[in-house]
Amino acid sequence: MSEYPSISNQVEDIDALREEGQQKMSWARQHMPIIEHLREDYRSNQPFEGYTIGMAMHVEAKTAVLVELLAEGGAEVAITGCNPLSTHDDVSVALDSHPSITSYARHGAEDEDYYAAIDAVLSHSPEITIDDGMDMVAAVHEDHPELIDTIIGGAEETTTGVHRLRAMDEDGELNYPVFAVNDTPMKRLFDNIHGTGESSLANIAMTTNLSFAGKTVVVGGYGYCGKGVAKKAAGQNAHVIVTEVEPRRALEAHMEGYEVMPMNEAAAKGDIFITTTGNRDVITEDDFEQLRDGAVLANAGHFDVEIDLDTLSDMAADQYTAREGVEAYEMPDGRRINVLAEGRLVNLASPVSLGHPAEVMDQSFAIQAVCVRELIEHGDKYEPGVHDVPDRLDQEIAEIKLDAEGVDIDTLTDTQQEYLDSWDHGT
Ligand code: NAI
């Protein structure tokens, strides 16, 4: 086992932190009915008994409810963060106090500690990995290939992680099966769209104490996250401009009634910018030249590479903290450009951030839980590589959610099913 200390051995005032963390978890639990449903089943059936699960995720209350579910289903769980700024230390301590859970996540961990903590999780020799961004799968393959023989499989939470995994798979370098949790309807159509939309705007509003109404909001990328951000910003009476590189996505945005233009044009018009591309260098030097005084820049994509902060810093005559979570870059001509949360994903890394709403994470994390169950029950069916989550699992979670919401739906009759399955009913 690694000598790297768990969070409880890194911070002071453990009792108070644990209590605060448990309070946050208790609130989240009350709003996660799917996980609650699975909990009853897993507590009695212990599907994860004897298995160790290693996780690198945003360590906050909803994630903690998932971790607790896995532990209550019999697993030993070791967890660390997947972003140095998104960890809530109180939640991390609360998790660490559970007899079957070790948490190494600490808010503000420097690079060296961030990777040492991933290493520490791997020192538990997990049979299952759960990632948000693929840092753990990368660490297994690069630093601990000896674990691959005993790893049954993994699950990946976000678009960027799935992109990285697919690239690794195409290069023939991914040596165990990983479920693309991000790509299921129950995750992507809710978490990426509504979760990112609501929580990014909420955190920008709280971090800046500014309104969206009457402002021009520029959304970089019109994928699942961008659609949510654009829709919710328009819903708060902002004028929305979308930038894209993919013609069909650009056209979709145009047909939704948004203005679509290149970033360099939008740069001169926007008040608030939110990047959601999963790509790098979306707002760069030429755009900084165009920005208006007071422009606010935020990123909701997974990594902090969408806004070219190194160049902005080089261009600025002065740089200072304008408000907690807001770094102002003053340009030689006097314009101030305000960057939120160091360009890291704003809904999770700004000082007041709480991540997505609990109801949304209930769905995403329930998919994670059933994927772990699938790997343990049927792991030998899956070859190394990226796998779609079986549709029956996604449907199972949708049915539990509908039931929890008290929503009934119709059922196909045999005749309807036969009609849908047939090809010989023409005009
Ligand atoms: P997506 O693939 O559906 O959308 C990305 C869009 O950005 C695509 O339409 C693509 O054409 C466009 N794009 C790429 N490069 C661009 C550029 N230079 N300029 C303008 N547009 C560009 O991906 P999705 O699901 O929307 O995820 C986006 C990012 O958000 C990923 O990094 C993902 O991991 C992250 N994410 C963040 C969450 C959060 O809580 N903040 C939650 C879920 C995902």
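What counts, and at which threshold
- Residues numbered from 1 in each chain as written.
- Predicted model: local features only at pLDDT ≥ 70, side-chain atom pairs only at ≥ 80, totals over all residues.
- Heavy atoms only, no water.
- Near = heavy atom within 4 Å.
- Areas by Shrake-Rupley, 256 points an atom, 1.4 Å probe, with all protein chains shown as cover.
- 1 Å grid on protein atoms, 1.4 Å probe; cavity = no way out; pocket = protein on both sides within 12 Å on 5 of 7 lines; lining within 4 Å.
- Sits in = over half its atoms within 2 Å of the grid points.
- Helix = DSSP H or I, 4+ residues; strand = E, 2+ residues; numbered from the N terminus.
- Points joined across faces, edges and corners; volume = space filled by probe spheres on them.
- Nonpolar A, V, L, I, M, F, W, Y, C, P; charged D, E, K, R; others polar.

Colleague: Explain the site of the ligand residue by residue, including any values.
Modeller: The local shell around the ligand holds 28 residues, among which Thr158, Thr159, Thr160, Glu244 and Asn347 are the closest. In isolation the ligand offers 860 Å² of accessible surface; the protein chains occlude 89% of this area. For the ligand, the cavity whose grid points lie within 2 Å of the majority of its atoms is the largest pocket. Listing elements by their share of the shell around the ligand, those giving two or more residues are helix H7 (159-170), helix H8 (185-208), helix H9 (224-235) and helix H14 (346-349). With 4 residues, H8 is the single largest residue contributor to the shell around the ligand.

Colleague: Describe the layout of surface pockets, naming the residues involved and giving the relevant values.
Modeller: A volume near 940 Å³ is recorded for the largest pocket. The wall of the largest pocket is formed by 49 residues, among which Thr159, Cys225, Thr276, Thr277 and Gly278 lie closest to the centre. Of all the secondary structure elements, the ones that give two or more residues to the lining of the largest pocket are helix H3 (61-72), H7, H8, H9, H14 and helix H15 (358-378). In terms of residue class, the lining of the largest pocket is built from 13 nonpolar, 22 polar and 14 charged. Empty space within the second largest pocket amounts to approximately 290 Å³. In terms of lining, the second largest pocket is formed by 14 residues, of which the most central are Gln395, Ala398, Glu399, Leu402 and Ile409. Residue contributions to the lining of the second largest pocket peak at 7 residues, all from helix H16 (residues 391-405). Of the residues in the lining of the second largest pocket, the class split is 7 nonpolar, 2 polar and 5 charged.

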